[in-house]
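# Structural overview for review
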Amino acid sequence: MAAYRADDDYDYLFKVVLIGDSGVGKSNLLSRFTRNEFSLESKSTIGVEFATRSIHVDDKIVKAQIWDTAGQERSVACYDVTRHVTFENVERWLKELRDHTDSNIVIMFVGNKADLRHLRAVSTEDAKAFAERENTFFMETSALESLNVENAFTEVLSQIYRVVSRKALDLGDDPTALPKGQTINVGSKDDVSAVKKVGCCST
Ligand SMILES: Nc1nc2c(ncn2[C@@H]2O[C@H](COP(=O)(O)OP(=O)(O)OP(=O)(O)O)[C@@H](O)[C@H]2O)c(=O)[nH]1
Ligand SMILES: [Mg+2]
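Residues numbered from 1 in each chain as written. Chains lettered and ligands numbered in written order. Predicted model: local features only at pLDDT ≥ 70, side-chain atom pairs only at ≥ 80, totals over all residues. Heavy atoms only, no water.

## Comments concerning the packing of aromatic side chains
Pairs of aromatic rings are described using the distance from one ring centre to the other and the angle between the two planes. Counting across every chain of the model gives ten aromatic pairs. Summarising the aromatic geometry, the rings of Y12 and F14 are spaced 5.6 Å apart at their centres and angled 35° between planes, so their arrangement reads as tilted. Classification of Y12 as buried rests on a relative accessible area of 2%. Owing to a relative accessible area of 0%, F14 belongs among the buried residues under this scheme. Taken together, a centroid distance of 5.7 Å and an interplanar angle of 40° make the contact between F87 and F109 tilted. With a gap of 22 residues between them, F87 in helix α2 (residues 84-100) and F109 in strand β5 (residues 108-112) connect regions that are remote in the sequence. An identical accessibility class is assigned to F87 and F109; each is buried. (Phe/Tyr/Trp six-rings, centres within 6.5 Å; stacked < 30°, edge-to-face > 60°. Buried < 20%, exposed > 50% of the residue type's maximum accessible area, 1.4 Å probe, protein only. Helix = DSSP H or I, 4+ residues; strand = E, 2+ residues; numbered from the N terminus.)

## Some thoughts on the pairing of strand β2 (residues 49-57)
Across nine bridges, the pairing between β2 and strand β3 (residues 60-68) is antiparallel. Looking at β3, one finds that A51 is bridged to I66. Hairpin geometry of β2 and β3 is characterised by an intervening segment of two residues between the two adjacent antiparallel strands and by a positive phi of about 55° at D58. (Pairing = 2+ DSSP bridges.)

## Things to note about the site of ligand 1
Near ligand 1 lie 21 residues; those nearest to it are S22, S39, S42, S44 and D115. Between an oxygen atom of ligand 1 and a main-chain N or O atom of G23, the distance comes to 2.8 Å. The contact in question runs from an oxygen atom of ligand 1 to an N or O atom on the side chain of S42, over 2.6 Å. Within the complex, the protein chains bury 87% of what would otherwise be the 650 Å² of accessible surface of ligand 1. Among the elements that make up the shell around ligand 1, the one with the highest residue count is helix α1 (residues 26-35) (three residues). When its residues are assigned to classes, the shell around ligand 1 shows six nonpolar, eleven polar and four charged. (Near = heavy atom within 4 Å. Polar contact = N/O pair within 3.5 Å; in protein donor to acceptor, adjacent residues only side chain to side chain. Areas by Shrake-Rupley, 256 points an atom, 1.4 Å probe, with all protein chains shown as cover. Nonpolar A, V, L, I, M, F, W, Y, C, P; charged D, E, K, R; others polar.)

## Some thoughts on the pattern of salt bridges
Two side chains carrying opposite charge are able to pair once their charged atoms lie near each other. All told, the structure shown has seven salt bridges when counted by the stated rule. Measuring nitrogen to oxygen at the nearest pair gives 2.8 Å for the salt bridge that ties R53 to E150. Taken together, the residues span a long stretch of sequence, with R53 in strand β2 and E150 in helix α4 (residues 149-170) at a distance of 97 residues. We classify E150 as partly exposed; its relative accessible area is 37%. In this structure, D80 engages R83 in a salt bridge whose closest nitrogen and oxygen atoms are separated by 3.2 Å. Among the residues examined, D80 registers a relative accessible area of 2% and is labelled buried. (Salt bridge = Lys/Arg side-chain N within 4 Å of Asp/Glu carboxyl O.)

## Brief notes about the pairing of strand β6 (residues 137-140)
Strand direction decides the pairing type here: β5 and β6, joined by four bridges, are parallel. Bridge pairing in β6 places M108 opposite F137. Read as a crossover between parallel neighbours, the route from β5 over helix α3 (residues 124-134) to β6 is right-handed. (Right-handed = clockwise from strand over helix to strand, strands pointing away.)

## Things to note about unusual backbone geometry
The phi angle of most residues is negative, glycine excepted, and most peptide bonds adopt the trans form. Unusually for a residue other than glycine, D58 sits at a positive phi of about 55°. Turning to its location among the elements, D58 is positioned in the loop between β2 and β3. If you check the backbone angles, N135 has positive phi at about 60° while not being a glycine. Among the secondary structure elements, N135 is positioned in the loop between α3 and β6.

Here it is in structure tokens:
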């Protein structure tokens, strides 16, 4: 076996979709995580965009394909801590999601713009309590200050990895034997084309 790993050599490919109201900072969380970039004047996203980055989880290379749109594989639900309505909307989304997907889906609840301390409208306590009730992961981030962005994505990818390897074990398989280069959808049977068809915020 070769001692090096090529750039595109990975053990798992996970698809992660960012959802949340317009302007909460989805595109900037994505660009901060995948390119370490932030833009103060980013334009509203039209259509579908994605970017990739590989990280290590345990001894495995996990490649994340992160979709900046609303779709079926909803993993990271974002709101803006300075706008309470964006919190109410992800609350609603998460509740609907619970009714329509299997319990294995991994959801991270992300309160972005934590740097705007003087403008805060959603308290950490309220968000934490909601996340506990809904049994989701929760983190406050700032794409601007690069606060917790790395942690949020690493956490969600590690949890998806855990669910997937647990599933593989349940089936009596070796998790490392999962076929390489195959997209593993957690909590949905639909593929990317379905995401495009459904478009933004359809539920
Ligand atoms: N202060 C602060 N501003 C942020 C942060 N993240 C994003 N912004 C700003 O918020 C605005 C919207 O950010 P986007 O990343 O474009 O938001 P979006 O959720 O992708 O919006 P849509 O594409 O319309 O759905 C931009 O002006 C960003 O510069 C943050 O963590 N802190
Ligand atoms: Mg955007």
